[in-house]
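# Notes for the structure review
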Amino acid sequence: MRYPGGKNHVYQALINLIPEHDRWVEAFAGSAAVSRHLARRHAEAWVLELDQEQAARLRRELPGHRVLHADAFRFLREHAPSWGPETVVFVDPPYPLRDRRDGRRRYRHELTDAQHEELAELLHATRARVLVCGHPWGLYPRLYRSWHRHELAVVLRSGGPGVECVWTNYADPWPLHDYRYWGADKRVRQDLRRQVARHLARFGDMNRHVRTAVLRALTDAYSLGGDRRLDLDRQAASPAPARRRAPCTRAS
Ligand SMILES: C[S@@+](CC[C@H](N)C(=O)[O-])C[C@H]1O[C@@H](n2cnc3c(N)ncnc32)[C@H](O)[C@@H]1O
């Protein structure tokens, strides 16, 4: 059954905005569509849901996650001040009631405007990397106006085209935590998978000393920071450097 406000229709596009991290926190979990699909490459994954029944369901369905039946505000007030960029917080709260097309309540626990304001204060104060979902109209564009705004193309329940927004407090989600959904469409994703498989096969055929020497050289040149250094070297050497293309963030 589709969870109200669930992100099952856009989880690929959201995962393409998530940088590499050690600690993952999904603060208003609902059906936790993003946590369900995100690669488990992190050391810790916290999932918070205030609805008791839903939290119990998530506990059964998300092994390996620390699912808490908890108030996200309490948890964020306590922990967010000590987090740094090793933590990514994904926030998909109930949208403000006054900004809903039909104005209907959908959850046992909704947020007041004052709570949306408090949430924005907590998220602006943390050094963790944060993604917040919301409508492109109403309260959220104002609360997160200084952040980076990403638009996700969605199909509305009516069948027509729509847009959902995600605001991030960082510009360039690189390197990504999970590359399985990277690319504008299936063809690009398939091409990436093929390239990875081809390189793996080539490395598998190498003498182990040759493989280690090549890996070391690649790590020196392209590991985090090294890649940027190379870009700077190239810019210094060339009057018209090639620009790197940003990864696509559209829902497919
Ligand atoms: C928009 S839904 C999240 C949908 C989710 N992203 C998904 O993929 O299904 C918002 C959720 O926040 C929960 N919630 C409301 N207030 C909360 C609070 N103070 N702390 C934690 N969860 C809360 C609601 O019960 C609801 O399940």
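Residues numbered from 1 in each chain as written. Predicted model: local features only at pLDDT ≥ 70, side-chain atom pairs only at ≥ 80, totals over all residues.

## A closer look at the overall build of the protein
Helices and strands together make up the secondary structure of the protein, namely 9 helices and 7 strands. The buried share of the protein, taken over its 252 residues, is 25%. Taking contacts inside the protein between residues at least 6 apart in sequence as the whole, the part at least 24 apart equals 61%. (Helix = DSSP H or I, 4+ residues; strand = E, 2+ residues; numbered from the N terminus. Buried ≥ 20, exposed ≤ 12 C-beta atoms within 10 Å, placed from the backbone. Contact = placed C-beta atoms within 7 Å.)

## Digging into the site of the ligand
Neighbouring the ligand are 23 residues, the closest being Gly5, Gly6, Phe28, Gly30 and Ser31. Those elements that provide at least two residues to the shell around the ligand are strand S2 (44-49) and helix H4 (72-79). Along the lines of polarity and charge, the residues of the shell around the ligand split into 12 nonpolar, 6 polar and 5 charged. (Near = placed C-beta within 6 Å. Nonpolar A, V, L, I, M, F, W, Y, C, P; charged D, E, K, R; others polar.)

## Section: the sheet that holds strand S1 (residues 23-26)
With respect to topology, 7 strands assemble into an open sheet ordered S3-S2-S1-S4-S5-S7-S6, the strand pairing being mixed. The open sheet has two free edges, formed respectively by strand S3 (66-69) and strand S6 (148-155), since each of these has just one partner strand. For this sheet, the mean angle separating the axes of adjacent strands, direction not counted, is 20°. Where helix H3 (residues 52-61) meets the sheet, it contacts S2 and S3, and its direction lies at approximately 165° from that of S3. (Pairing = 2+ DSSP bridges. Axes fitted to C-alpha atoms, helices over the stretch in contact; angles between N-to-C directions.)

## Things to note about unusual backbone geometry
Geometrically, the link from Trp174 to Pro175 is a cis peptide bond, its omega value of -5° lying close to zero. Here Pro175 is to be found in the loop between strand S7 (161-168) and helix H7 (186-205). Phi at Ala32 takes a positive value of approximately 55°, unusual for a residue other than glycine. Within the secondary structure, Ala32 is located in the loop between S1 and helix H2 (33-37). For Ala32, a count of 28 C-beta atoms within 10 Å corresponds to the buried category.

## A few points about the confidence of the model for the protein
Per-residue confidence for the protein averages 89 on the pLDDT scale, and 88% of its residues sit at or above 70. Within the model, the stretch residues 226-252 combines pLDDT values under 50 with 30 contacts to residues more than four positions away or in other chains. (pLDDT = per-residue confidence, 0-100.)

## A short note on the environment of Pro161
Secondary-structure assignment places Pro161 in strand S7. In contact with Pro161, not counting residues within four places along its chain, are Ala153 and Val155.

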